[in-house]
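Fold and contact review
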Amino acid sequence: DERNDDNYKGGKRLVSIDIDDGEYTRADLEQKLEAQDLFGIVYRTARYYFDGSNRWRIVLMADKEMSKDEYKQVVGGVVDFLGLEMDDASKKLSQLMGYPLASADVSTVIGGMVNAAQFIKDKPTDHTTWWSYNQARNHYWTLITNKRAS
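Described below are features of the structure shown in this document. (Residues numbered from 1 in each chain as written. Predicted model: local features only at pLDDT ≥ 70, side-chain atom pairs only at ≥ 80, totals over all residues. Heavy atoms only, no water.)

Turning our attention to the side chain of Asp20. Within the fold, Asp20 resides in the loop between strand E1 (12–19) and helix H1 (26–35). The class for Asp20 is buried, based on a relative accessible area of 14%. (Helix = DSSP H or I, 4+ residues; strand = E, 2+ residues; numbered from the N terminus. Buried < 20%, exposed > 50% of the residue type's maximum accessible area, 1.4 Å probe, protein only.)

This is the structure in C-alpha cells:
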C-alpha cells in the first residue's frame, strides 16, 4: 500500500471512522452518537453504490488538533466507546475518506465534539499541550459529574 502517514505535520480535528463489516443500520449509528451526545455525520461509503455492501462512514469533530499518535488513540477510543467495529484504515491519516455520494444517505446528528483527551493514553510532555490536556480532562469530568447529579 503506497499510502503512509510519514509526512503528517499535525492539525487534524476530524475523526473519520469507516464501518465496513457489520449489520449496522443508519438508525443504529445515529442512536450510538445520540446516546453519547456527539455531533457527527453518518453516510454510506462509495462501495455501497458499487456492490451494495453495508458500509458506513462516521465523521466526528474533536475538541483539539491531534498529533499522529493522538489521532490513532482517539479513533480507537471512540470506536470502543461507541461499541463499534471499524476498518483499521480509519487509523491511517493518509487514508482518503470520500464525501457522501447521495444527499439522501446523509444524516447529521446534533451533539458535542469528541473530547480527545479522554482517549489519549500518552500524556503530552510540553507545557502548553499539557495545560490543554488537563483543562479538557477536567472539563469532561465536570460534565460527567454534573450529568450524574441531575
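More follows now that the structure is in view.
Here we take up the packing of aromatic side chains. Going through the model one piece at a time under the given rule, you end up with two aromatic pairs. Centre to centre, the rings of Tyr48 and Tyr49 are 5.0 Å apart; their planes meet at 80°, and the pair counts as edge-to-face. On the basis of relative accessible area, Tyr48 is assigned to the partly exposed category, the value being 28%. Classification of Tyr49 by relative accessible area gives partly exposed; the value is 34%. Centroid distance Phe81 to Phe119: 5.7 Å. Interplanar angle 70°. Geometry classified as edge-to-face. Taken together, the residues span a long stretch of sequence, with Phe81 in helix H3 (residues 68–82) and Phe119 in the loop between strand E4 (106–109) and helix H4 (127–149) at a distance of 38 residues. What makes Phe81 partly exposed here is its relative accessible area of 34%. Of the residues examined, Phe119 reaches a relative accessible area of 11% and is grouped as buried. Of note, Arg44 hangs over the ring of Tyr48, and the distance from its end group to the ring centre comes to 3.9 Å. (Phe/Tyr/Trp six-rings, centres within 6.5 Å; stacked < 30°, edge-to-face > 60°. Lys NZ or Arg CZ within 6 Å of the ring centre and 35° of its normal.)

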